[in-house]
Amino acid sequence: MPEQSFSNAAPISTAASAPIAHGSPWTVAGTTLNSRFLLGTSHYPSPAVLGDAVRASGTQVLTVGLRRLQPESGGGNSFWQRIQALNCHILPNTAGCHSADEAITLAQMAREIFGTAWIKLEVIGDDYTLQPDTVATLEAATVLAKDGFSVFAYTTDDLVMAQRLRDAGCAAIMPWAAPIGTGRGPLNPYALETMRRRLPDAVLVVDAGLGRPSHAAQVMELGFDAVLLNTAVAQAGDPVRMARAFADGVAAGRAAYESTPMPERAAAQASTPTVGVPFWHAS
């Protein structure tokens, strides 16, 4: 997701939260995680609100753009120190790149700066919709995977491209639910459901377009391993409470998936049995 410096808005209320159970642990890039909620770090009203939202969310993974560390963006050492203090796994991203070469170069820089081989690969193909350039993404993913990176590839809900990213060695495939920052929720649930069914062994994380906790619950019910979002929390009226609400939505969706929902039926079926039940008839 595109990164942006903090605004000057006043801090929002901070609410303490109890530990969150996001379902059974899962493994990505050789790391076992308990939280299935990945969170971005841009657009928050203040650094303090970011920290409180991270703690309320229960997340263990934060995505950070290399450009956030540049002094002219309001980042630098102060921002990096705040992020480190949150004790989360760092997932650097290549936000703002428009070519495979640019993304590869930024990924290599991020590995040196952040000290991790994890990279959230983003190559934007259209500046209006921020739709990823899937061809360039595949090209960059192939190079980076061979270079030892654990690639988390941001892509569309195209099944064939997801299959090719898997074959290229990506650690996680991250289809969008809707364009970045729209908050419209899953526009094509059928495509997401099909991707999950056709790639049963791949790590799939829905990234971008989720606006409400119910959206997160919806995609988690389809069996996705996790969700990643930023704007829906950062630009909420109360980011801290919204972070917790999304965490609850993720947990509920995963619990529903693991519980095996009842099948849909074409006709109504009474939940109360009628066999052997006496009926009273008016005379």
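Shown above is the structure to which this text applies.
Each value, and the rule that gives it
Residues numbered from 1 in each chain as written. Predicted model: local features only at pLDDT ≥ 70, side-chain atom pairs only at ≥ 80, totals over all residues. Heavy atoms only, no water. Helix = DSSP H or I, 4+ residues; strand = E, 2+ residues; numbered from the N terminus. Buried < 20%, exposed > 50% of the residue type's maximum accessible area, 1.4 Å probe, protein only. Contact = heavy atoms within 4.5 Å. Areas by Shrake-Rupley, 256 points an atom, 1.4 Å probe, with all protein chains shown as cover. 1 Å grid on protein atoms, 1.4 Å probe; cavity = no way out; pocket = protein on both sides within 12 Å on 5 of 7 lines; lining within 4 Å. Points joined across faces, edges and corners; volume = space filled by probe spheres on them. Nonpolar A, V, L, I, M, F, W, Y, C, P; charged D, E, K, R; others polar. Axes fitted to C-alpha atoms, helices over the stretch in contact; angles between N-to-C directions. Left-handed = near helix turned anticlockwise from the far one by under 90°. Core = buried A, V, L, I, M, F, W, Y, C linked by side-chain atoms within 4.5 Å. Polar contact = N/O pair within 3.5 Å; in protein donor to acceptor, adjacent residues only side chain to side chain. Pairing = 2+ DSSP bridges. Right-handed = clockwise from strand over helix to strand, strands pointing away.

S.K.: In this structure, what is going on with the overall build of the chain? I would like to understand it.
M.R.: When helices and strands are tallied, the chain shows nine helices and ten strands. For the chain, the proportion of its 283 residues judged to be buried stands at 50%. Considering only intrachain contacts with a sequence separation of at least 6, the fraction spanning at least 24 residues in the chain is 68%. Approximately 13,400 Å² of the chain is accessible, and the part contributed by carbon and sulfur atoms is 51%.

S.K.: Would you mind going over the layout of surface pockets with me for this structure?
M.R.: Which parts of space are left empty comes out when a probe the size of a water molecule is rolled across the atoms. Of the voids in this model, the largest pocket is the one considered here, and its volume is about 160 Å³. Lining the largest pocket are 15 residues, with Gly 183, Leu 210, Gly 211, Thr 231 and Ala 232 positioned closest to its centre. Broken down by class, the residue content of the lining of the largest pocket amounts to seven nonpolar, eight polar and no charged.

S.K.: Before we go on, may I ask you to explain the packing of helix α3 (residues 100-114) against helix α4 (residues 134-146) in this structure?
M.R.: Packed helix pairs are characterised by how far apart their axes lie and by the angle those axes make with each other. Contact pair α3 / α4: the axes reach a minimum separation of 8 Å and the direction vectors enclose 35°. Note that α3 runs across α4; the crossing there is right-handed. For the pair α3 and α4, the contacting residues are Ala 100, Ile 104 and Ala 107 in the first and Ala 136, Glu 139, Ala 140, Val 143 and Leu 144 in the second. For the contact of α3 with α4, the per-class residue count stands at seven nonpolar, no polar and one charged.

S.K.: How should the nonpolar core be read in this particular structure?
M.R.: Soluble, globular proteins show a tendency: their nonpolar side chains are buried together. In terms of nonpolar packing, the biggest core is built from 64 residues, with Phe 37, Ile 83, Val 151, Val 227, Leu 229 and Val 233 touching the most fellow members. Looking at this core, the element that brings in the most residues is α3, giving seven residues. Contact partners of Val 233, with chain neighbours within four places excluded, come to Phe 37, Leu 39, Tyr 44, Ala 53, Pro 239, Met 242, Ala 243 and Phe 246. Listed in part, the 14 residues of the second largest apolar core include Leu 33, Leu 91, Phe 152 and Ala 172.

S.K.: Looking at this model, I keep getting lost on the side chain of Thr 116. Mind explaining?
M.R.: By secondary structure assignment, the location of Thr 116 is in the loop between α3 and β6 (118-121). Within the structure, the side chain of Thr 116 is placed 3.1 Å from the backbone nitrogen of Trp 118, a separation counted as a polar contact. The contacts of Thr 116, once residues within four sequence positions are left out, are Ile 90, Pro 92 and Arg 111.

S.K.: Would you mind showing me how to read the pairing of strand β4 (residues 61-65) here?
M.R.: The two faces of a sheet get side chains in turn, since along a regular strand they alternate between them. Along β4, five of the five residues are buried, which leaves the element largely enclosed by surrounding structure. The alternating pattern of β4 places Val 61, Thr 63 and Gly 65 on one face and Leu 62 and Val 64 on the opposite face, and all of these are buried. As paired elements, strand β3 (residues 37-40) and β4 share three bridges and run parallel to each other. Bridge pairing in β4 places Leu 38 opposite Val 61. The parallel pair β3 and β4 is bridged by helix α1 (residues 47-57), and the resulting crossover is right-handed. For β4 and strand β5 (residues 89-93), the ladder comprises five bridges, and the chain directions are parallel. Of the residues in β5, the one forming a bridge with Val 61 is His 89.

S.K.: Would you explain the pairing of strand β7 (residues 150-155) in this entry?
M.R.: Of all six residues making up β7, six are buried, and the element is well covered by its neighbours. Burial of the side chains of β7 extends over both faces: Ser 150, Phe 152 and Tyr 154 are buried on one face and Val 151, Ala 153 and Thr 155 on the other. Summarising the sheet, β6 and β7 pair through four bridges and their orientation is parallel. Of the residues in β7, the one forming a bridge with Leu 121 is Ala 153. As defined by bridge partners, β7 adjoins strand β8 (residues 172-175) across four bridges and the pair is classed as parallel. Following the sheet pairing, Phe 152 is matched in β8 by Ala 172.

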